[in-house]
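Listed below are the residues making up each chain.
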Amino acid sequence: MLNTKSKELYEEAIKYTPGGVHTSIRNVDPHLIFTKSEGAYIYDADGNKYVDYQSAFGPYILGHNYKGVNERVIEALSTTDLYGVGTTDLEIECANKITKHVPSAEQVLFCNSGSEATYHAIRLSRAITNRTKLIKFQGCYHGWHDYVARNMLSAPDMIGKRDPGSAGMMDEAIDNTLICTFNDLDDVAATFHKNKNEVAAIIVEPIPHNIGCVMPEEGFLQGLRELCDEHNAVLIFDEVITGFRHDLGGFQKVAGVTPDLTTMGKAMANGYPMAAVAGKKEYMERYNTNPGGDVWFAGTYNGHAVGTSATIATMEIMETEPVHKHIFELGDRMRNGIREIHERLGIKAYVAGFGSVWTTYFMDFEPKNYTDLMKNDAEMYVSYRKKLIERGFFKMPMNIKRNHISYSHTKEDIDNTLQAIEDVLKELI
Ligand code: PMP
């Protein structure tokens, strides 16, 4: 595959921007410059076409540049945009839809990114409980801010230890975020006991997709619900990835466990910048959008017509078309197809996933937490992905990253991918 134009443009990009990219971990080899996207496909500057499974880390549940969403955004922008005062008919319609579908969402507020949403949910939890500490799980990602940017993709010797994800973080923030092991209720219970009446909230990705697809064991999410109730702490489900992608009501609907607060983003607007924090009315009314509320919630671009119209359109398509049926069926086709290839080639690997999300861990058992993933063959994982990119199937060339299927992917895309996977595996073993 020729990458001459990408190489040239990358050299130019690094002149103007540190590393040439505008968010961390985008600077990966091969340094491709993308110029076009459509449905299930993305194209680089040299005209190479890729079936896209990166999905910009998950938003494109319908597919790139999806006509039905774009048209609604353009239509909205022909008459409206943003006012900075009052509200809009689009904001009301959008909020109505979300509260209708998401079990925990009695009320909702819009912001522009998942990081903002988790920041707001944590601040609200602290105000509600009058406590400071936060429980998060090793490997989970909840955004870039100081409350949560620790113990994400920790090195093996730093698992569960004090592992800030960035220089420049506040010590107080790092030290008030306690790290537990996913799927280990005893660990969470012990952490509550050690920090009696100090824990404001648990924040959790109901499926930690930031480390691929580690599924919650039966009873784990319910156990977190019960521990929060017992200790008067707030349960926050960070559904920035799982929300809308696994069900219009989020994974909380699938699991039958209702958190106090939910954060959402990504798939809700099919790639347009949009995020939300939602929850119990009694809690949400503490935000100072409500007269008398004492928890600051603000943002110049909150509720912009781009995000609200895109969300309404995306949700409407999910309500009226068999989006989840399609992406779940293709997810199963992919996982079953890969398992069958592994069996035929005698490869011991674990194909993980839920619905439209999947990954292959190069280890021979189902991981229950981040520590288990240290058994994954990282070198193999990345080489496998790079070789698929060379063949025109884009997956993030990084360890323990997940893949996403959209409504625009077809059975043919999946079958072509399976053929390429088989070819690559034959080369690698
Ligand atoms: N929470 C989760 C679960 C995420 O995966 C992400 C982003 N990958 C965030 C929060 C942060 O969202 P954003 O990048 O939009 O700030």
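A brief report on the enclosed structure follows. Every value quoted in this text rests on a predicted model; they were computed, and no experiment measured them.

### Brief notes about the overall build of the protein chain
Phase 1: Check the secondary structure of the protein chain and you find 13 helices and 14 strands.
Phase 2: Taken over the C-alpha trace, the protein chain has a radius of gyration of 21 Å; the compact-globule value for 429 residues is 22 Å, and the two agree within 12%.
Phase 3: Along the longest, intermediate and shortest principal axes, the C-alpha atoms of the protein chain span 60 × 55 × 45 Å.
Phase 4: Out of the 429 residues in the protein chain, the part that is buried amounts to 48%.
Phase 5: Long-range pairs, those at least 24 residues apart, make up 72% of the contacts in the protein chain between residues at least 6 apart in sequence.

### Points about the sheet that holds strand β1 (residues 34–38)
Phase 1: Across the sheet, 4 strands lie side by side as β1-β2-β3-β13; this open sheet has mixed pairing. Each edge of the open sheet is held by one strand with a lone partner, namely β1 and β13 (393–394).
Phase 2: Of the pairings in the sheet, the one linking strand β2 (residues 41–44) to strand β3 (residues 49–52) comprises 3 bridges and is antiparallel in character. Along β3, the bridge assignment pairs Y43 with K49.

### Re the pairing of β3
Phase 1: Connecting β2 to the next strand, β3, in antiparallel fashion are 4 residues, including G47 with a positive phi near 85°.
Phase 2: In terms of strand pairing, β3 meets β13 through 2 bridges, oriented parallel. Looking at the pairing, D52 lines up with F394 of β13.

### So, the site of the ligand
Phase 1: Not every one of the 14 residues close to the ligand is listed here, only the nearest: S113, G114, S115, G143 and V240.
Phase 2: It is helix α4 (residues 114–129) that provides the largest number of residues to the shell around the ligand, a total of 3 residues.

### So, helix α11 (residues 323–345)
Phase 1: The first and last C-alpha atoms of α11 sit 33 Å apart over 23 residues, in line with the 33 Å expected at 1.5 Å per residue.
Phase 2: Along α11, the positions that sit buried rather than exposed are V323, I327, L330, G331, M334, I338 and I341.
Phase 3: Of the surrounding secondary structure, the elements contacted by the buried residues of α11 are α10 (305–320), β11 (350–354), β12 (357–361) and α13 (411–428).
Phase 4: Within two residues after α11, G346 carries a phi angle of roughly 70°, on the positive side.

### Some points on α4
Residues spaced three or four apart along an α-helix point in a common direction, a consequence of the helix completing one turn every 3.6 residues.
Phase 1: Between the first and last C-alpha of α4 there are 23 Å, a value that for 16 residues agrees with the 22 Å anticipated at 1.5 Å per step.
Phase 2: Regarding α4, the residues found buried are G114, S115, E116, A117, T118, Y119, H120, A121, I122, L124, S125 and I128.
Phase 3: Two residues or fewer past α4, N130 is found with a positive phi of approximately 60°.

About the cut-offs
- Residues numbered from 1 in each chain as written.
- Predicted model: local features only at pLDDT ≥ 70, side-chain atom pairs only at ≥ 80, totals over all residues.
- Helix = DSSP H or I, 4+ residues; strand = E, 2+ residues; numbered from the N terminus.
- Rg over C-alpha atoms; globule rule 2.2 N^0.38 Å.
- Buried ≥ 20, exposed ≤ 12 C-beta atoms within 10 Å, placed from the backbone.
- Contact = placed C-beta atoms within 7 Å.
- Pairing = 2+ DSSP bridges.
- Near = placed C-beta within 6 Å.
- Expected span 1.5 Å × (residues − 1).

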